[in-house]
Amino acid sequence: MPPPEDHEGLKQELSTLAKDAGKFLQTRGELLAIEAQEASLVYQKRAKSYLLLTTFITTAYLLIILSLTGFLGYFLSQHGDGPFFSWMGAALILALIHFFFAIICFLKARQSPQEPLFEYTRREWTKDQSWIKQDIAKKS
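A quick note: this is a predicted structure, and the numbers were derived from the prediction, not measured. (Residues numbered from 1 in each chain as written. Predicted model: local features only at pLDDT ≥ 70, side-chain atom pairs only at ≥ 80, totals over all residues. Heavy atoms only, no water.)

**Focus on the overall build of the protein**
Logical step 1: Counting secondary structure elements, the protein contains three helices and zero strands.
Logical step 2: Start at the N end of the protein and walk to the C end: the helices and strands fall as α-α-α.
Logical step 3: By principal-axis analysis of the C-alpha atoms, the protein measures approximately 105 × 25 × 25 Å.
Logical step 4: Across the 140 residues of the protein, 15% fall into the buried class. (Helix = DSSP H or I, 4+ residues; strand = E, 2+ residues; numbered from the N terminus. Buried < 20%, exposed > 50% of the residue type's maximum accessible area, 1.4 Å probe, protein only.)

So this is what it looks like as structure tokens:
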């Protein structure tokens, strides 16, 4: 049986370790919270892009298609016969044009942020891992 003073020393070491681990986790949690706020801003900008995308697609569809369909349909009817040489062909042409612009907006909204998210947390984890590996190598 170990002497009582050794037992008290072990308790003290474990208590200190638990306190230090708590401080370490609290610090890492604060860093993660800061980077989560930064990530939130990035995704808020992305959400705004999607909202603008939806607004522009809807507005373009309603205004341009409605106003130009009649004009283009009249123009097509003057240059040919058949179902697509009317308002139907005009609506199809205008819809394809707006679909092209919608794809461009979608691709822009999908772009990844230029700076990686959680870069400081990843850097700290990398430092911690290398420190642990060095500490283990020293003890071996």
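**A closer look at a nonpolar patch on the surface**
Logical step 1: Together, Y61, L62, L63, I64, L66, L68 and F71 give the surface a local cluster of nonpolar side chains, amounting to about 740 Å² of exposed area.
Logical step 2: Position of Y61 among the secondary structure elements: in helix α1 (residues 4-78). (Patch = residues over 30% accessible without salt bridge, like charges linked within 9 Å, V, L, I, M, F, W, Y side chains within 5 Å. Areas by Shrake-Rupley, 256 points an atom, 1.4 Å probe, with all protein chains shown as cover. Salt bridge = Lys/Arg side-chain N within 4 Å of Asp/Glu carboxyl O.)

**Regarding the environment of A21**
Logical step 1: Relative to the assigned elements, A21 resides in helix α1.
Logical step 2: For the pair A21 and R46, spaced 25 residues apart in the sequence, the C-alpha separation amounts to 37 Å.

**A few points about the side chain of T121**
Logical step 1: You can see T121 is positioned in helix α3 (residues 119-139).
Logical step 2: When residues no more than four places from it in sequence are discounted, the contact partners of T121 are L31, L32 and E35. (Contact = heavy atoms within 4.5 Å.)

**Brief notes about the packing of aromatic side chains**
Logical step 1: Under the definition given, this model contains one aromatic pair.
Logical step 2: Ring centres of F100 and F101 lie 5.6 Å apart, and the angle between their planes is 70 degrees; this geometry places the pair in the edge-to-face category.
Logical step 3: Residue F101 is classed as partly exposed on the basis of its relative accessible area, which comes to 49%. (Phe/Tyr/Trp six-rings, centres within 6.5 Å; stacked < 30°, edge-to-face > 60°.)

**Quick word on the pattern of salt bridges**
Logical step 1: Going through the model one piece at a time under the given rule, you end up with four salt bridges.
Logical step 2: In this structure, the salt-bridge partner of E119 is R123, at a minimum N-O distance of 3.3 Å. On the criterion of helical spacing, the pair formed by E119 and R123 is a turn pair, its members being four residues apart in helix α3.
Logical step 3: Under the relative-accessibility criterion, E119 is labelled partly exposed at 23%.
Logical step 4: Exposure remark for R123: the relative accessible area of 40% places this residue in the partly exposed category.
Logical step 5: Note that E124 and K127 form a salt bridge whose closest N and O atoms lie 3.5 Å from each other. Separated by three residues within a single helix, E124 and K127 lie in helix α3, roughly one turn from each other.
Logical step 6: Overlapping salt bridges, with partners in common, bring together R28, E124, K127 and D128 in one network.

**Considerations on the nonpolar core**
Logical step 1: Residues I65, L72, L76, A90 and L94 constitute the largest nonpolar core, which totals five residues.
Logical step 2: Elements with a minimum of two residues in this core: α1 and α2 (87-110).
Logical step 3: It is α1 that provides the largest number of residues to this core, a total of three residues.
Logical step 4: Apart from the residues lying within four places of it in its own chain, the contact partners of L76 are F84, F85, S86, G89, A90 and I93. (Core = buried A, V, L, I, M, F, W, Y, C linked by side-chain atoms within 4.5 Å.)

Treat this as a map of the structure, not an account of what it does.
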